[in-house]
Amino acid sequence: IEYKNAKFTISAPNIASLATDEGFEVAFAGRSNAGKSSALNTLTEQKSLARTSKTPGRTQLINIFELDEQRRLVDLPGYGYAKVPLAVKQKWQKSLGEYLQKRESLAGLVVLMDIRHPLKELDQDLIFWAVDSELPVLILLTKADKLKQSARNKVLQEVRQASINFEGDVEVELFSSLKGTGLPALKRKLNG
Ligand code: GDP
């Protein structure tokens, strides 16, 4: 799959507004600032692909990037903003829950977490949801370059150990947009 051919197609507030529900899509999710945009840009070798999703007014929307006729990458709204009003959070949770449960073409979920702040409550909620929906999950521990190798590997082992509790298909890899760490593992998983 040529990830560099990814093209922004649509922003939508809920799945009813998304186009067809055919083929396969893999959704990217994470707390705001986890490094999701950087990871999408690194994967697609495009400097500002995911900037589209950060355009004011689009941050709460589901953004779709088409790879080819059958495959899409989906940028889900970042979560965990302290300042977002409760009503907005609830609306977001509703559209996210709906997306995970009802989207037929959803084939897997990539959950990005800053390696220095892994497995926060909202991350865990999301992963439990995905596992309930029988979706495979790939956890990327982002900004891995921020830690020394020994510290990095320690977190990797800890998160792998903790992931057993999800009782689903949950894999964990290190990732760094800066260094390209984890990019082959991400592509392997997406291709599979
Ligand atoms: P998003 O809110 O999840 O889309 O996060 P961004 O991709 O915008 O990244 C948030 C911040 O983390 C930015 O300042 C990025 O430059 C930084 N960042 C993202 N990925 C990496 C990485 O792999 N290494 C380092 N050192 N910084 C990163």
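The name recorded for the protein chain in an unreviewed UniProt entry is Probable GTP-binding protein EngB, from Catenovulum adriaticum. Entered under Function (unreviewed entry) in the UniProt record, the comment concerning the protein chain runs "Necessary for normal cell division and for the maintenance of normal septation." Heading Sequence similarities (unreviewed entry) of the UniProt record for the protein chain holds this comment: "Belongs to the TRAFAC class TrmE-Era-EngA-EngB-Septin-like GTPase superfamily. EngB GTPase family."

## Observations concerning the overall build of the protein chain
Of regular secondary structure, the protein chain possesses 6 helices and 7 strands. Start at the N end of the protein chain and walk to the C end: the helices and strands fall as β-β-α-α-β-β-α-β-α-β-α-β-α. A compact globule built from 192 residues would reach a C-alpha radius of gyration of about 16 Å, and the protein chain, at 15 Å, matches this within 12%. Across the 192 residues in the protein chain, those meeting the buried criterion constitute 36%.

## Considering helix 3 (residues 86-102)
Here helix 3 contains 17 residues, and its C-alpha end-to-end distance of 24 Å stays within 8% of the 24 Å for a straight helix at 1.5 Å per residue. Buried within helix 3 we find W92, S95, L96, Y99 and L100. Viewed along the axis of helix 3, the buried residues span an arc of 135 degrees, placing them on a single side of the element. Summarising the geometry of helix 3, the exposed residues directed more than 90 degrees from the buried face are L86, A87, Q90, K94 and Q101.

## Some points on the site of the ligand
The full set close to the ligand counts 16 residues, and G35, K36, S37, S38 and S177 are the nearest of them. For the shell around the ligand, the element with the most residues is helix 1 (residues 36-44), which contributes 3 residues. A class-by-class count of the residues in the shell around the ligand yields 2 nonpolar, 10 polar and 4 charged.

## Considerations on the pairing of strand 6 (residues 137-142)
Within strand 6, 6 of the 6 residues are buried, which leaves the element mostly enclosed by the surrounding structure. Across the two faces of strand 6 the burial is the same, with V137, I139 and L141 and L138, L140 and T142 all buried. Here 6 bridges tie strand 5 (residues 106-114) to strand 6, and the two strands are oriented parallel to one another. What sits directly across from V111, in strand 6, is I139. The parallel pair strand 5 and strand 6, bridged by helix 4 (residues 121-132), forms a crossover whose chirality is right-handed. Of the pairings in the sheet, the one linking strand 6 to strand 7 (residues 170-174) comprises 5 bridges and is parallel in character. Its bridge partner lying in strand 7, L138 is registered against E171. In this fold, strand 6 hands off to helix 5 (residues 149-163), which returns the chain to strand 7; that crossover is right-handed.

## Structural notes on unusual backbone geometry
Even without glycine at this site, E45 takes up a positive phi of about 55 degrees. By the secondary structure assignment, E45 is in the loop between helix 1 and helix 2 (51-54). Look at E45 and you get exposed, because 12 C-beta atoms sit within 10 Å. Positive phi outside glycine occurs at K143, with the angle close to 55 degrees. As for its position among the elements, K143 is in the loop between strand 6 and helix 5.

## A look at the sheet that holds strand 3 (residues 62-66)
Strand order in this open sheet of 7 strands is 1-3-4-2-5-6-7, and the pairing throughout is mixed. If you trace the sheet from one side to the other, it starts and ends with strand 1 (7-12) and strand 7, each paired once. Across this sheet, the average inter-strand angle for adjacent strands is 25 degrees, counted without regard to direction. Against the sheet, helix 4 engages strand 2 (24-30), strand 5, strand 6 and strand 7, with an angle of about 165 degrees to strand 5.

## Examining the environment of N14
You can see N14 is positioned in the loop between strand 1 and strand 2. Those residues in contact with N14 that sit more than four places away from it in its chain are S95 and E98.

Reading the values: rules and limits
Residues numbered from 1 in each chain as written. Predicted model: local features only at pLDDT ≥ 70, side-chain atom pairs only at ≥ 80, totals over all residues. UniProt positions renumbered as here; feature names shortened; annotations may be inferred. Helix = DSSP H or I, 4+ residues; strand = E, 2+ residues; numbered from the N terminus. Rg over C-alpha atoms; globule rule 2.2 N^0.38 Å. Buried ≥ 20, exposed ≤ 12 C-beta atoms within 10 Å, placed from the backbone. Expected span 1.5 Å × (residues − 1). Arc of directions from axis to C-beta. Near = placed C-beta within 6 Å. Nonpolar A, V, L, I, M, F, W, Y, C, P; charged D, E, K, R; others polar. Pairing = 2+ DSSP bridges. Right-handed = clockwise from strand over helix to strand, strands pointing away. Axes fitted to C-alpha atoms, helices over the stretch in contact; angles between N-to-C directions. Contact = placed C-beta atoms within 7 Å.

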